[in-house]
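Working through the structure, step by step
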Amino acid sequence: MGKRALERRLSGLAGFDEPRADLEQYATPADVAAQVLHRAALQGDVRGRTVVDLGTGTGLLALAAAAHGPERVVGLELDPDAMAVARENERRFEPAVSVDWILADATRPPLSVGGPVTVLANPPFGAQDGNEGADRAFLRAAGELADVSYTVHNAGSQAFVEAFVGDNGGTVTHAFEAAFAVDRQFAFHTERRRELAVEVYRVEWA
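Here's what I pulled together on the structure shown here. One numbering rule holds for all chains: residues counted from 1, following each sequence as written. Local features are withheld for residues below a pLDDT of 70 in this predicted model, meaning they are given only at 70 or higher, and side-chain atom pairs are given and counted only at 80 or more; totals for whole chains, interfaces and linings count all residues. To get the side-chain values, all heavy atoms of the structure are used, and hydrogens and water are removed first.

The next thing to look at is the packing of helix α1 (residues 3-11) against helix α2 (residues 30-42). Axis angle and axis distance: for two packed helices, these are the angle between their axes and the distance between the axes, and together they describe the pair. Angles here are taken between N-to-C directions and fall from 0 to 180 degrees, while the axes themselves are lines fitted to C-alpha atoms, restricted in helices to the stretch in contact. Only DSSP runs of H or I with at least four residues qualify as helices, and only runs of E with at least two residues qualify as strands; both kinds are numbered from the N terminus onward. Following both chains from N to C, one finds α1 and α2 inclined at 140°, their axes separated by 8 Å at the closest point. Compared by their axis directions, α1 and α2 come out oblique. In terms of crossing hand, the pair formed by α1 and α2 is right-handed. Facing α1, whose interface residues are K3, L6, E7, L10 and S11, α2 presents A30, D31, A33, A34, Q35, L37 and H38. Each angle is binned into one of four classes, with values under 35 degrees roughly parallel, values over 145 roughly antiparallel, values of 65 to 115 roughly perpendicular, and all other values oblique. Each crossing is labelled by how the near helix is turned from the far one, with a counterclockwise turn of less than a right angle marking it left-handed and a clockwise turn marking it right-handed. When checking whether two residues touch, look at their non-hydrogen atoms; a contact exists if any pair is within 4.5 Å.

Taken together, the side chains of K3, R4, R8 and R39 define a basic patch exposed on the protein surface. Counting residues per element, the positive patch draws most heavily on α1, at three residues. Here K3 lies in helix α1. Judged by its relative accessible area of 37%, K3 falls in the partly exposed class. Patch criteria: residues need more than 30% relative accessible area and no salt bridge. Like-charged residues are merged within 9 Å; nonpolar side chains of Val, Leu, Ile, Met, Phe, Trp and Tyr are merged within 5 Å. Each accessible area is a Shrake-Rupley estimate made with a 1.4 Å probe; only the visible protein chains count as cover when residues are assessed. A pair is scored as a salt bridge if a Lys or Arg side-chain nitrogen falls within 4 Å of a carboxyl oxygen belonging to Asp or Glu. His residues and chain termini do not enter the charge count, which takes Lys and Arg as positive and Asp and Glu as negative. In this description, the location of a charge corresponds to atom NZ of lysine, CZ of arginine, CG of aspartate or CD of glutamate. Categorising residues by exposure relies on relative accessible area from a 1.4 Å probe, with only protein chains included: less than 20% of the type maximum marks a residue as buried, more than 50% marks it as exposed, and the intermediate range marks it as partly exposed.

Bringing the nonpolar core into the picture now. Nonpolar cores are built from buried Ala, Val, Leu, Ile, Met, Phe, Trp, Tyr and Cys residues. Side-chain atoms within 4.5 Å join them into one set. Core analysis: the biggest nonpolar cluster contains 38 residues, and L10, V36, L37 and L120 have the highest contact counts within it. Elements supplying a minimum of two residues to this core: α1, α2, α3 (60-66), α4 (80-93), β3 (99-103), β5 (148-154), β6 (170-183) and β7 (193-205). Once residues within four sequence positions are removed from consideration, L37 is found in contact with L6, V46, L61, A64, A65, H68 and L120. If you look at the next biggest cluster of nonpolar residues, it comprises 23 residues, including L139, L145, A146 and V203.

This next bit is on unusual backbone geometry. In this structure, E94 takes a positive phi of about 55° despite not being glycine. In this fold, E94 is placed in the loop between α4 and β3.

Let us look at the packing of aromatic side chains. Whether two aromatic rings pair depends on their centres lying within 6.5 Å, for rings of Phe, Tyr and Trp, where Trp uses its six-membered ring; planes under 30 degrees apart make the pair stacked, over 60 edge-to-face, and the rest tilted. Under the criterion given, the structure shown has one aromatic pair. Aromatic side chains F160 and F164 sit 5.9 Å apart centroid to centroid with 45° between the ring planes, which places their arrangement in the tilted category. One end of the pair, F160, and the other, F164, are both in helix α6 (residues 158-167), four residues apart, so they sit about a helical turn from each other. Looking at F160, the relative accessible area reads 22%, which means it is partly exposed. A residue is classified by how much of its surface remains accessible, and F164, at 11% relative accessible area, is buried. Throughout this description, the term charge over a ring refers to an Arg CZ or Lys NZ atom that lies within 6 Å of the ring centre and within 35 degrees of the ring normal. Over the aromatic face of F93 sits the side chain of R9, whose NZ or CZ is 4.1 Å from the ring centroid.

The next thing to look at is α6. Residues spaced three or four apart along an α-helix face the same direction, because each turn holds 3.6 residues. All of the buried residues along α6 are V161, F164 and V165. End-on view of α6: buried residues confined to an arc of 95°, all on one side of the axis. Set apart from the buried face of α6 by more than 90 degrees, the exposed residues are A159 and D167. One or two residues past the end of α6 sits G169, with phi positive at roughly 85°. Working note: the arc is built from the helix axis to C-beta atom directions.

On to the side chain of R49. If you trace the backbone, R49 turns up in the loop between α2 and β1 (50-54). Nitrogen and oxygen atoms within 3.5 Å of one another constitute a polar contact, given that in protein one can donate a hydrogen and the other can accept it, and given that sequence-neighbouring residues count only through two side-chain atoms. Polar contacts involving the side chain of R49 include one to the side chain of D147, which spans 2.4 Å. Those residues within four positions of R49 in sequence are excluded, and the remaining contacts are G44, P70, E71, R72, P116, V117, T118, D147 and V148.

Time to look at the layout of surface pockets. Empty space among the atoms can be located by rolling a probe the size of a water molecule over them. As defined here, a cavity is a set of points on a 1 Å grid over the protein atoms alone where a 1.4 Å probe fits but cannot get out. A pocket is an open set with protein on both sides within 12 Å along at least five of seven lines, and residues line them when an atom is within 4 Å of a point. Grid points are joined across faces, edges and corners, and a volume is the space filled by probe spheres set on the points. By volume, the largest pocket amounts to about 530 Å³. What lines the largest pocket is a set of 33 residues, among which L23, G55, E77, P124 and F138 lie closest to the centre. Among the residues forming the lining of the largest pocket, the class breakdown is 18 nonpolar, 10 polar and five charged. Lys, Arg, Asp and Glu make up the charged group, whereas Ala, Val, Leu, Ile, Met, Phe, Trp, Tyr, Cys and Pro make up the nonpolar group; the residues left over, Gly among them, are polar.

So, about the pattern of salt bridges. For the structure on display, the rule yields six salt bridges. Here R91 makes a salt bridge to E88, at a shortest N to O gap of 2.9 Å. Note that R91 and E88 are positioned in helix α4 at a spacing of three residues, about one turn of the helix. Owing to a relative accessible area of 54%, R91 belongs among the exposed residues under this scheme. On the basis of relative accessible area, E88 is assigned to the partly exposed category, the value being 34%.

In structure tokens:
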């Protein structure tokens, strides 16, 4: 499936019913999910592999992966309400490969996966009190599970990501920028919609 066709299909899926600020639940925009999976597919990081979406939320990255010929797709999510939305999105999306949804802490994935593994994650950016450095736990989990990962971070994260990944046995091989649209959904939001600059990093883990 082409990038534009995938984006159109993903854009019709549901977002969070009642997003939680403490979990920084911002649904991955359809265009970002389509762009990440398009690039991952071009790198040979999806077809025939196990793809694990850490903190899957409403399931867009997992479902986008399921449209690119993986061996298996797993979506891990801590919030049962978000998981219910992801399951409903799968029914609407009807991917060729079904997704194994697991209710669990994505930073401590209860998985032992054999064969080549690609991790996808749109982790919390650490903007809320108590969530500082939240993306570190997702990167660490990715390094434990995968030989390749794609993670989304705030713009300006390159030095941190490269240093953290390097300290944990990985190497950043590719990076690209994207615009991440966030609709007003919490009381502290003052704009109807805001576009955040984000960066996506591809990491190879030793």
